[in-house]
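# Understanding the architecture of this molecule
In case you want the letters, here they are:
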Amino acid sequence: MYNEKFMKRALKIAFKGTGKVNPNPLVGAVITDGSKIISEGYHKVYGDKHAEVNAVEEAEKRGISVKGKDIYVTLEPCSHFGKTPPCADMIIKKGFKNVYIGIKDPNPAVNGRGIKKIIDSGINTEYGFYEDEIKIQNKFFIKNMKLKKPYITLKTAITLDGFIADRKENSKWISNERSRNYVHINRYKHMSVMAGSRTVIKDNPELNVRFSGKTVKSPIRIILDKDNLIKNNKYKIFNENGKNILITPVKVFDSENTDFIITEDFTSENIIKEISLRNIDSVFIEGGAGIYESFFDCTDYFMIFTAPKIFSSGKKAFEFADNRIFDIKEINVFDDNVCWEAEKCLPE
């Protein structure tokens, strides 16, 4: 019999794969004897074993057979050969008694086929649990599967009067240290981070991820250089671990950690298409104002940090955006900073 506490546990442990499995989904699995948990597993690294396999192997390492047991998994077990064999086949072979699934896999290669295969084998199979929570957890993966486009988050830090830089174009630092730490947490969740060439030249950012001063990961850095301003590889991003994608009309230098996309078309539609071709499931936009304007209408989620400062003049973040209404999803306070997390409201 289904017990929601086990699916809730599977949902919780799925988060352990955050930042490591993109563009794959976050998935958790829990094996029980009906009353208590026997083993757990989650998808740990892109291309590695899936959650169900890790949960089974954990049980078997402890000398426990999973035959006749129940398995709870947040996402439909795969039914096809990809980087790993089909989990649906493994579940059938191991002889589980009951299979409880959070949501169907939106991947067209699966999308109900795994569920059907398990049901056809005679195993009791039920699905549709914690659907809203699991869909939010896997919003990058779901959008990428359904629309073949990356999920886009736009982050900015503004003064109380709406500026992102003063009249001398200075922008360091509007937000405080706790806010910046929160930015690193959210960079970590995304597969890539995007900035404009002026941001690179003016601020020379590393655009990596640091926790407690330690660099733990570098997302793919996507730099838009519409005006071909970056003429050499002296900037920090070209000497960081990880990969850059420099989108520019002309290639004028080489860099070992950089792929170049040569194009004259800097519309958001074309940039998104180029990103999608590289199987990037999520983009964390960091600036500047020109990128905000270009990508505003195709942004899925906004993170707007406000700080108790007034510039009176300078560069505004959303000068182009008249009468836009947001649906606030979360508000976080970091000392004297406030982070407003929101989606755009649909027109009435």
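Placed above this text is the structure.
This section reports on the structure supplied with the text. (Residues numbered from 1 in each chain as written. Predicted model: local features only at pLDDT ≥ 70, side-chain atom pairs only at ≥ 80, totals over all residues. Heavy atoms only, no water.)

### Examining the overall build of the protein
Across its full length, the protein holds 10 helices and 18 strands. By its C-alpha atoms, the protein is 70 × 45 × 45 Å across when sized along the principal axes. The proportion of buried residues among the 348 residues of the protein is 51%. Taking the intrachain contacts of the protein between residues at least 6 apart in sequence as the baseline, contacts between residues at least 24 apart amount to 68%. Accessible surface for the protein amounts to roughly 17200 Å². Of this, 49% is attributable to carbon and sulfur atoms. Taking the 55 positively charged and 47 negatively charged side chains of the protein as two groups, their mean positions are separated by 4 Å. (Helix = DSSP H or I, 4+ residues; strand = E, 2+ residues; numbered from the N terminus. Buried < 20%, exposed > 50% of the residue type's maximum accessible area, 1.4 Å probe, protein only. Contact = heavy atoms within 4.5 Å. Areas by Shrake-Rupley, 256 points an atom, 1.4 Å probe, with all protein chains shown as cover. Lys, Arg positive; Asp, Glu negative; His and termini not counted. Charge placed at Lys NZ, Arg CZ, Asp CG, Glu CD.)

### Section: the sheet that holds strand β14 (residues 282-287)
Through backbone hydrogen bonds, the strands of a sheet pair up, either in parallel or in antiparallel fashion. Taken in spatial order, the 9 strands make up an open sheet running β13-β12-β11-β8-β14-β6-β15-β18-β17, and their pairing is mixed. The sheet terminates laterally at β13 (258-262) and β17 (326-334), the two strands that pair on one side only. Sheet twist, expressed as the average angle between the axes of neighbouring strands with direction ignored, equals 20 degrees. (Pairing = 2+ DSSP bridges. Axes fitted to C-alpha atoms, helices over the stretch in contact; angles between N-to-C directions.)

### Some details on a positive patch on the surface
A cluster of basic residues, Lys8, Lys12, Lys16, Lys44 and Lys61, forms a positive patch on the protein surface. In this fold, lysine 44 is placed in the loop between β2 (37-42) and α2 (51-61). (Patch = residues over 30% accessible without salt bridge, like charges linked within 9 Å, V, L, I, M, F, W, Y side chains within 5 Å. Salt bridge = Lys/Arg side-chain N within 4 Å of Asp/Glu carboxyl O.)

### Quick word on the side chain of asparagine 138
When you line up the elements, asparagine 138 lands in the loop between α5 (131-137) and α6 (139-147). Overall, the relative accessible area of 4% leaves asparagine 138 in the buried class. If near-sequence neighbours (up to four positions away) are discounted, asparagine 138 is found in contact with Pro25 and Leu26.

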